[in-house]
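Structural features, examined
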There are 2 protein chains.
Amino acid sequence: MGSEVNEHADVEGDGRSARKRRAILDAATEVFLKSGYLGTNMDEIAALSAVSKQTVYKHFSSKEALFVEIVGGMTTGAGDTVHNDVAQLGPDEDLAAYLVEYALRQLTVVLTPRIMQLRRLVIGEVTRFPELARVLYERGPARAMKMLAVVFKDLAGRGLLDIDDPAIAAEHFNWLIMSAPLNQAMLLGDDAIPSEAELRRNAEAGVRVFLAAYGGLGR
Amino acid sequence: MGSEVNEHADVEGDGRSARKRRAILDAATEVFLKSGYLGTNMDEIAALSAVSKQTVYKHFSSKEALFVEIVGGMTTGAGDTVHNDVAQLGPDEDLAAYLVEYALRQLTVVLTPRIMQLRRLVIGEVTRFPELARVLYERGPARAMKMLAVVFKDLAGRGLLDIDDPAIAAEHFNWLIMSAPLNQAMLLGDDAIPSEAELRRNAEAGVRVFLAAYGGLGR
DNA sequence: GTTCAGAACTGGACCGTCCAGTTCTGTGTG
DNA sequence: CACACAGAACTGGACGGTCCAGTTCTGAAC
């Protein structure tokens, strides 16, 4: 037993098996996002991925396992997308403009129909899959605020911000920027996702408040 | 049309029919909150309310209708609870303390297991019941911020706050106060609902930032 | 001869309906 | 006030039709 050698199936492969697996994952992602966990049936996933149900169950032991795999992958992927290129503030750069850009990067990634739907999906399944929600929290808001806290601590050390507790400042910044559009899109649907211009205005207003509270001497 | 005379069935009655109807609503609330829309079956509701399924369908035409009735009622009820006694700021009262109390009232109502679960439920069903989510948005955050905007406009008129756009200030205040605990409880479950002491600290920190940005001359 | 598609199948869950028999409620009558 | 009675509401159970997760079988392709 256990004579399998192709253990690289879950990273990136181009064998037939890996291709099918990818097709299943893609199809399942779409269907789960559209219909929710209970609202999704495996036949639809098999049909959409152009694969027999037998093949689906060869790759994933159950509906639950497939769901966990997909949601886990999406949250981690999205989290990585946000925090890839964290530009630092240059010496001659404007602090407010820098913070606005920082905010906009976050907003434009999170306020995407797919990511919003993922959020709704996970929130709706908190009871059934608490672990998934915890992962989303860690890889999402918690991670973002941890990164922010580091940035703020640095800026405070350079005398550009007057911050007592970087973690709290990061929370305040994060939610000043994200909450309004996030909650709106969450409940009013994807059509309520603000345009980039609106997001910019929102970010600027948030940064203004943030700097009023945490902006150091150079006001 | 509308020749019905006994329209008082949905307010408060004590007849047998009204009692059963209430029992059904109570049971259905519990089951829906616990298992979600698709995860709930009508047999369980009938059993828990100690009523035959026939009676359930005599009062509510379908599972969907029952669900809409319950969620609608709960959102409206919770919204009213928050905005019942809106005390105004007295002449000799401390502004910061007043705002902290204002925030705490909101927090302690919203951060309840039942209300949190309702939020999760509605968010998870945005696609299936967009109207319900819209109602929750209107009766929840939108209403709260509208009330806040009125309060802030008044305070600004009295020279206690320096506010340009009351609506934006209300948004900032609302989310400075609510976002951190709300998001945490939303994803990490009811066990992550902060204690009242933590909520107070959170409110105080939020008010501090708010007043730094919007506090008028009397700083 | 291994893998997969296609299709059928199992076992079970569930919505909504139906029905025969029972209980409640309100109204009229002596 | 006691009683009878009609109509509405309710029970308990059964059932049709549908849906679905997961398994199994057959035939074909490579």
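Note that the coordinates shown come from a computational prediction; the quantities given were computed from them, not determined experimentally.

Looking now at the overall build of chain A. Within chain A one finds nine helices and zero strands. In sequence order, chain A lays out its α and β elements as α-α-α-α-α-α-α-α-α. When burial is assessed residue by residue, chain A has 49% of its 219 residues classed as buried. Carbon and sulfur atoms form 50% of the exposed surface of chain A, whose accessible area is close to 11100 Å². Taken together, the 24 basic and 30 acidic charged side chains of chain A have centroids lying 5 Å from each other.

Around DNA strand C, the structure places 17 residues, and the nearest of them are A:K20, A:T55, B:M42, B:Q54 and B:Y57. A breakdown of the atoms of DNA strand C within 4 Å of the protein gives sugar and phosphate a share of 56%. Put simply, the parts of the chain that give the surface near DNA strand C at least two residues each are α3 (53-59) of chain A together with α1 (16-35) and α3 (53-59) of chain B.

Residue and element names in this part refer to chain A. Along its sequence, chain A is organised into domain 1 (1-60) and domain 2 (63-214). Taking only C-alpha atoms into account, the centre of domain 1 sits 30 Å from that of domain 2. Each side of the interface is counted separately: domain 1 has 14 residues, and domain 2 has 14 residues. Contact with domain 2 buries area across many residues of domain 1, yet F32, L33 and Y37 alone supply 51% of it, more than any other trio.

Let's shift gears to the protein's contact with DNA strand D. Taken together, 17 residues sit near DNA strand D, with A:T40, A:K53, A:Y57, B:S52 and B:T55 positioned nearest. Among the atoms of DNA strand D lying within 4 Å of the protein, the sugar-phosphate backbone contributes 70%. At 2.8 Å, a backbone N or O of A:M42 approaches a phosphate oxygen of DNA strand D. For DNA strand D, a phosphate oxygen lies 2.8 Å from a polar atom in the side chain of A:K63. For the surface near DNA strand D, the secondary structure elements donating two or more residues are α3 of chain A together with α1 and α3 of chain B.

Let us look at the environment of B:A167. In this structure, B:A167 sits in helix α8 (residues 166-188). Looking at B:A167, the relative accessible area reads 45%, which means it is partly exposed.

Turning our attention to the side chain of A:T75. Residues and elements named next belong to chain A. Relative to the assigned elements, T75 resides in helix α4 (residues 63-82). A polar contact is formed between the side chain of T75 and the backbone oxygen of G72, at a distance of 2.8 Å. If we skip the residues at most four places from it in the chain, T75 touches L118, V135, L136 and R139.

Attention now goes to the relation of the copies chain B and chain A. When chain B is brought onto chain A, the operation consists of a screw motion whose angular component is 180° and whose axial shift is 0.0 Å, with 0.1 Å RMSD remaining. The two molecules are tied by a two-fold rotation axis, judged by turn and shift. In terms of C-alpha distance to the rotation axis, chain B has B:G124 as its closest residue, with the C-alpha 2.0 Å off the axis. Taken as a fraction of all interface residues of chain B, those also at the interface in chain A reach 100%, which identifies the copy contact as same-surface.

Checked against the element boundaries, B:N174 lands in helix α8. With near-sequence residues (within four places) excluded, B:N174 lies in contact with B:Q106, B:A144, B:M145 and B:L148.

Our next topic: helix α5 (residues 95-110) of chain A. Residues and elements named next belong to chain A. Here α5 is 16 residues long and its end C-alpha atoms lie 23 Å apart, about the 22 Å a rise of 1.5 Å per residue gives. Where α5 is concerned, the buried positions are L95, Y98, L99, V100, Y102, A103, L104, Q106, L107, V109 and V110. For α5, the secondary structure elements touched by its buried residues are α4, α6 (113-124), α7 (130-157), α8 (166-188) and α9 (196-214).

The interface of chain B with chain A comprises 35 residues on the first partner and 35 residues on the second. Surface buried jointly by chain B and chain A totals about 2900 Å² across both partners, of which 72% is contributed by carbon and sulfur atoms. Among the residues chain B hides against chain A, the three largest losses belong to B:I123, B:Y137 and B:L187. Together they make up 22% of the total. Across the chain B-chain A interface, the total number found is zero salt bridges. On the surface where chain B and chain A come into contact, there are three residue pairs in polar contact (both at pLDDT 80 or more).

Looking now at the pattern of salt bridges. For the coordinates displayed, the defined rule picks out 18 salt bridges over all chains. Residue A:D190 pairs with A:R120 through a salt bridge whose shortest N-O separation is 3.0 Å. Note that A:D190 is positioned in the loop between α8 and α9 and A:R120 in helix α6, a separation of 70 residues in sequence. For A:D190, a relative accessible area of 32% gives the class partly exposed. Residue A:R134 pairs with A:E131 through a salt bridge whose shortest N-O separation is 3.0 Å. One end of the pair is A:R134 and the other is A:E131, both in helix α7 and three residues apart, which spans about a single turn. Through salt bridges with shared partners, a single ionic network connects B:E131, B:R134 and B:E138.

Aromatic ring pairs are reported here in terms of the distance separating the ring centres and the angle at which the planes meet. Using the criterion set out here, one finds 20 aromatic pairs over all chains in the structure. Summarising the aromatic geometry, the rings of B:F152 and B:F210 are spaced 5.0 Å apart at their centres and angled 25° between planes, so their arrangement reads as stacked. Of this pair, B:F152 sits in helix α7 (residues 130-157) while B:F210 is found in helix α9 (residues 196-214), placing the two residues 58 residues apart along the sequence. Each member of the pair, B:F152 as well as B:F210, carries the same accessibility label: buried. One aromatic cluster is present, built from ring pairs that chain together A:F32, A:Y37, A:F67 and A:F129.

Right, let's get into the nonpolar core. If you look at the biggest cluster of nonpolar residues, it comprises 138 residues, and the most contacted ones within it are A:L66, A:F152, A:F210, B:L66, B:F152 and B:F210. Setting aside anything within four residues of it in sequence, one finds B:L66 in contact with B:I24, B:L25, B:A28, B:F32, B:M42, B:I45 and B:F60.

The axes of two packed helices give the description: the angle between them and the distance between them. Residue and element names in this part refer to chain B. Across the interface, α1 lies against helix α4 (residues 63-82) with an axial gap of 10 Å and an inter-helix angle of 85°. Considering the angle they form, α1 stands roughly perpendicular to α4. Within the contact between the two elements, α1 uses R21, I24, L25, A28, T29, F32 and L33 and α4 uses K63, L66, F67, E69, I70 and M74.

About the thresholds
- Within every chain, residues take consecutive numbers counted from 1 along the sequence as written.
- The naming scheme follows written order: chains are lettered A onward, ligands numbered 1 onward.
- Restriction of local features to residues with pLDDT of at least 70 applies here, the model being predicted, together with a cutoff of 80 or more for giving and counting side-chain atom pairs; totals for whole chains, interfaces and linings are based on all residues.
- As a rule here, side-chain values cover all heavy atoms of the structure and leave hydrogens and water aside.
- In this text, helices come from DSSP runs of H or I with a minimum length of four residues, and strands from runs of E with a minimum of two, each type numbered from the N-terminal end.
- Exposure classes here rest on a 1.4 Å probe applied to the protein chains alone. A residue is buried below 20% of its type maximum, exposed above 50%, and partly exposed in between.
- Only the protein chains shown count as cover for residues, and all accessible areas are computed by the Shrake-Rupley method using a 1.4 Å probe.
- Counted as positive: Lys and Arg. Counted as negative: Asp and Glu, with His and the chain ends omitted from the count.
- By convention, the charge on Lys lies at NZ, on Arg at CZ, on Asp at CG and on Glu at CD.
- Residues are classed as near a molecule or strand on a simple rule: at least one heavy atom within 4 Å of it.
- Each domain's limits were defined by an automated method or a database of domain assignments.
- By definition, residues are in contact when any of their heavy atoms lie within 4.5 Å.
- In short, buried area is how much 1.4 Å probe accessible area vanishes from two parts on joining, totalled over both.
- Two N or O atoms form a polar contact when they lie within 3.5 Å of each other; inside protein one atom must be a possible hydrogen donor and the other a possible acceptor, and for residues adjacent in sequence the pair counts only when both atoms belong to side chains.
- Copies overlap after least-squares fitting; the atoms used are the C-alpha atoms of residues with pLDDT of at least 70 in both.
- For a helix, the expected span equals 1.5 Å multiplied by the number of residues minus one.
- Between Lys or Arg on one side and Asp or Glu on the other, a salt bridge is scored when a side-chain nitrogen of the former is within 4 Å of a carboxyl oxygen of the latter.
- To pair, rings of Phe, Tyr and Trp, with the six-membered ring standing in for Trp, must have centres within 6.5 Å; the planes then decide the type, stacked if under 30 degrees apart, edge-to-face if over 60, and tilted in the middle.
- Here, nonpolar core means buried Ala, Val, Leu, Ile, Met, Phe, Trp, Tyr and Cys residues that are tied together by side-chain atoms lying within 4.5 Å of each other.
- Only the contacting stretch of a helix is used when fitting its axis, a line to C-alpha atoms as for every element, and angles between N-to-C directions run 0 to 180 degrees.
- Oblique is the label for any angle not covered by the other classes, which are roughly parallel (under 35 degrees), roughly antiparallel (over 145) and roughly perpendicular (65 to 115).

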